[in-house]
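# Structural overview for review
The chain contents come next:
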Amino acid sequence: MKARQCWSIMAGKAERKLAQIQADTRHANKLLETLEASQQRLQVLYEEYRLQGANAAQLSHGMQDAMNQRQFMSQLATLSQRVAQDIERAKTALAGLGQQQALAEIERLKMQTLDAQEVLAFDLRARRREQRSMDELGVSQFNRIGLA
């Protein structure tokens, strides 16, 4: 006879869920790092074009070049804003994953505790059953000796 396996199965399920959330968190962190690197590259590129525009104004390359440069800088600014929004979404997702991870860890610990309690209760029942058998055997032997 063995202890029930339901709690160990539930503990395993909780561990798998926790591992999945941790993997999702690692993925979200990588995404956030990528977005922040992209934002920095965009800022550098924007600054380079801004400085180029100041130098180009001195050289006066023409109206079309100036318009193209302004349009490109505007597109860079728009793209930078989108990346900033994506960064905020990624941070929000990370915060949510952090909460999920904390809840999953609590659930995992609860299932492990219940599993350990089940094993202890089974062991206690087995020891009591064995003691009862030993007591019955001792009484029956005592009765046989007393009758003889």
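For the structure, check the block above.
## Focus on the overall build of the protein
Looking only at helices and strands, the protein has two helices and zero strands in total. In terms of C-alpha radius of gyration, the protein reaches 35 Å, well past the compact-globule figure of 15 Å for 148 residues. Seen through its C-alpha atoms, the protein measures out along the principal axes to roughly 125 × 15 × 15 Å. Per-residue burial over the protein gives 18% buried out of 148 residues.

## Points about the nonpolar core
Formed by 13 residues in total, the largest nonpolar core has its most connected members in L32, L35, V83 and I87. Where this core is concerned, the elements lending two or more residues are α1 (6-59) and α2 (63-147). Of the residues forming this core, the biggest block, seven residues, is contributed by α2. In this structure, L32 is in contact with I87, A90, K91 and L94, ignoring residues within four places of it in sequence.

## A look at the side chain of T25
Note on placement: T25 falls in helix α1. Beyond its immediate stretch of four places on either side in the chain, T25 contacts L94, L97 and Q101.

## Here we look at the environment of C6
Take C6: it is sitting in helix α1. Measuring from C-alpha to C-alpha, the distance between C6 and R128 comes to 23 Å, with 122 residues separating the pair along the chain.

## Considerations on the pattern of salt bridges
A complete count under the given rule lists five salt bridges for this structure. Across the salt bridge formed by D86 and R89, the nearest N and O atoms sit 2.5 Å from each other. Linking D86 with R89, this pair stays in helix α2, spanning three residues, or about one helical turn. Given a relative accessible area of 29%, D86 falls into the partly exposed group.

## Here we look at a positive patch on the surface
A contiguous patch of positive charge, built from R127, R128, R129 and R132, is present on the exposed surface. If you trace the backbone, R129 turns up in helix α2.

## Remarks on the packing of aromatic side chains
Summed over the entire model, instances satisfying the criterion amount to one aromatic pair. Aromatic side chains Y49 and F72 sit 4.7 Å apart centroid to centroid with 55 degrees between the ring planes, which places their arrangement in the tilted category. Here the residue Y49 occupies a position in helix α1, and F72 occupies one in helix α2, the gap between them amounting to 23 residues.

Reading guide: rules and limits
Residues numbered from 1 in each chain as written. Predicted model: local features only at pLDDT ≥ 70, side-chain atom pairs only at ≥ 80, totals over all residues. Heavy atoms only, no water. Helix = DSSP H or I, 4+ residues; strand = E, 2+ residues; numbered from the N terminus. Rg over C-alpha atoms; globule rule 2.2 N^0.38 Å. Buried < 20%, exposed > 50% of the residue type's maximum accessible area, 1.4 Å probe, protein only. Core = buried A, V, L, I, M, F, W, Y, C linked by side-chain atoms within 4.5 Å. Contact = heavy atoms within 4.5 Å. Salt bridge = Lys/Arg side-chain N within 4 Å of Asp/Glu carboxyl O. Patch = residues over 30% accessible without salt bridge, like charges linked within 9 Å, V, L, I, M, F, W, Y side chains within 5 Å. Areas by Shrake-Rupley, 256 points an atom, 1.4 Å probe, with all protein chains shown as cover. Lys, Arg positive; Asp, Glu negative; His and termini not counted. Charge placed at Lys NZ, Arg CZ, Asp CG, Glu CD. Phe/Tyr/Trp six-rings, centres within 6.5 Å; stacked < 30°, edge-to-face > 60°.

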